Amino acid sequence: PEDTVTSSFASFIHAARPEHLSQTVRQRSKRMILDSIGVGLVGSTTHVFDIALRYCRLYSSMAVSSVYGKPGVKLSPTLAAFTNGVATHSMDFDDTWHPATHPSGAVLPALLAASQMLPPNTKPNGLDFLLAFNVGLEVQGRLMHFSTEAHDIPKRFHPPSVVGTLGSAAATAKLLSLSSAQCCHALGIAASLAGAPMANAATQAKPLHVGNATRLGLEAALLAGRGMEANPLILDDIPGCSGFSAFYSVYQPKPLSAPGEHHKFLLEKQDIAFKRFPAHLGMHWVVDAALSVRNLFINYAGSFSPSLIRTIRLKIPVSKYINRPFPSSEHQARHSFQFNACAALLDGEVGLGSFSESSIHRQELRELLDKVVVEHPEDNVANFDKMYGEVALLLHSGDVLTGKCDTFYGHWRKPLSKESLLKKFRSNASHVLPEEKIEAIITLVDNLENLSDSSQL
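For clarity, every value in this text was computed on a predicted model and none was experimentally measured.

Novice: Account for the layout of surface pockets, with residues named and values stated.
Specialist: With a probe scaled to a water molecule rolled over the atoms, the places where space remains empty come into view. In this structure, the largest pocket encloses a volume near 690 Å³. Sorting the residues of the lining of the largest pocket by element identifies helix H7 (153–156) and helix H8 (159–175) as the ones contributing at least two each. Of the residues that constitute the lining of the largest pocket, the class distribution is 16 nonpolar, nine polar and four charged. Each of domain 1 (5–276 + 415–456) and domain 2 (281–405) contributes no fewer than three residues to the lining of the largest pocket. Taken as a whole, the second largest pocket encloses approximately 590 Å³ of empty space.

Novice: Report on the domain arrangement of the chain, specifying residues and quantitative values.
Specialist: Domain annotation for the chain reports domain 1 (5–276 + 415–456) and domain 2 (281–405). Here the C-alpha centre of domain 2 lies 33 Å away from the C-alpha centre of domain 1. Taken together, the contact between domain 1 and domain 2 spans 21 residues of the former and 15 residues of the latter. Among the residues of domain 1 in contact with domain 2, His98, Ala202 and Arg276 are the three that bury the most area, contributing 33% of the side total. There are one salt bridge connecting domain 1 and domain 2. Scanning the region where domain 1 abuts domain 2 turns up four residue pairs in polar contact (both at pLDDT 80 or more). For the side of domain 1 that touches domain 2, the per-class residue count stands at nine nonpolar, seven polar and five charged.

Novice: Would you mind going over the pairing of strand E6 (residues 400–405) in detail, with residue names and values included?
Specialist: Only one face of E6 is covered, namely the one carrying Leu401, Gly403 and Cys405; the face carrying Val400, Thr402 and Lys404 has none of its residues buried. Two strands pair when backbone bridges link them, and strand E5 (residues 389–395) and E6 are joined in this way by six bridges, in the antiparallel orientation. The residue of E6 that forms the bridge with Leu394 is Val400.

Novice: An account of the sheet that holds E6 is requested, with residue identities and associated values reported.
Specialist: Reading across the sheet, the four strands line up as E4-E3-E5-E6 and stay open at both edges, with mixed pairing between neighbours. On the outer flanks of this sheet lie strand E4 (372–375) and E6, each paired with one strand and no other. For this sheet, the mean angle separating the axes of adjacent strands, direction not counted, is 20 degrees. Of the strand pairs in this sheet, strand E3 (residues 309–315) and E5 are connected by six bridges, and their pairing is antiparallel. Residue pairing for E5: Ile309 is matched across the bridge by Leu395. Set on the sheet, helix H14 (residues 337–347) makes contact with E3, E4 and E5; between it and E3 the angle comes to about 130 degrees.

Calculation criteria
- Residues numbered from 1 in each chain as written.
- Predicted model: local features only at pLDDT ≥ 70, side-chain atom pairs only at ≥ 80, totals over all residues.
- Heavy atoms only, no water.
- 1 Å grid on protein atoms, 1.4 Å probe; cavity = no way out; pocket = protein on both sides within 12 Å on 5 of 7 lines; lining within 4 Å.
- Points joined across faces, edges and corners; volume = space filled by probe spheres on them.
- Helix = DSSP H or I, 4+ residues; strand = E, 2+ residues; numbered from the N terminus.
- Nonpolar A, V, L, I, M, F, W, Y, C, P; charged D, E, K, R; others polar.
- Domains from an automatic or database assignment.
- Contact = heavy atoms within 4.5 Å.
- Buried area = accessible area lost by both parts, 1.4 Å probe.
- Salt bridge = Lys/Arg side-chain N within 4 Å of Asp/Glu carboxyl O.
- Polar contact = N/O pair within 3.5 Å; in protein donor to acceptor, adjacent residues only side chain to side chain.
- Buried < 20%, exposed > 50% of the residue type's maximum accessible area, 1.4 Å probe, protein only.
- Pairing = 2+ DSSP bridges.
- Axes fitted to C-alpha atoms, helices over the stretch in contact; angles between N-to-C directions.

Below is the structure:
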């Protein structure tokens, strides 16, 4: 069918060309690629990654695609995508967009695996790779806008498990040069493979959502390329027949305009948020607020003395799965306003080590958590473009010290500098790679448009 929402998306994927990417889009997406690789590399040191890798090594056919942080280990393309997707989200350290999803981890591992899968004479170049990556981002962003501020998907589903799966399918379909009809079927197949419940947030199962998104999107494109068909109206709102609308309570699909002078990629209009420490994005507001009030406290008392504090008051949005008063595991701690605020107060920073077992169960940290009370002001909404974090220390003396953060460093309104992004990448990658390889990756990504064979990445 012509003139449908689904056909417009398929046509866009097929028709997109490198010249449609502005310099802003190219630079922003290369920053995302570099950050995502670094996050995946450090994520390859985690327990949940080891579980996923051991599972995938049960299958050894067509072992041609590389695994983050494991020199010499190769898996089949789909399992490599899955494993690397798990690594990327294993610490909740990956980038976040608005409306809320984790776009890079759902797309990049599929493209890396697919580029190694293709025969030598058909390897995509770096510019083709960059275009496919941006097609995957664009499809995710447009799908997230199919409801008012996309509040509907997170009510039941983890967004990257839904839009990320279709983004991966779109990106891989582009990299594999599928026809417009095949792109349409890839989206339809991916829709049948998408979705994961929000109840698994703050557990080891949550990284599987991103791993499955990138893997299953790749599988959808491979199946479509081999002739499998799906509903050609999968993205359209057909009364009495749930397609992609099954993931929304309110569904308002819109056609995607053809790439060209009248189309602007969403990444042009909306930059990405990069995390400075490995935790849910909402934590970055309360950490910056906590660090601000900690400095006030030190100026007030000469040092940070928890015994002077009677109550720690947090003003945060209503969001049940990240309101965790006493987290007992690293994954719960990464999703706890209370933990992150208290860790920042106690240590003056939050980093990789903050989520170790020994750090989580410190007696002095537990004593601070006992002092926390939570308030939910009506003007503080659970929206990454509008929320704020406030941390107030009510002292035994009667004095009150307050720190507030409206926009943390790393948010799209206050982007990480190039120096900060490189520092994060080097720190993450150094856990598994020597310095010369780290610098080689930086150079490759920076010059991605000029790379003759993207599988070198």
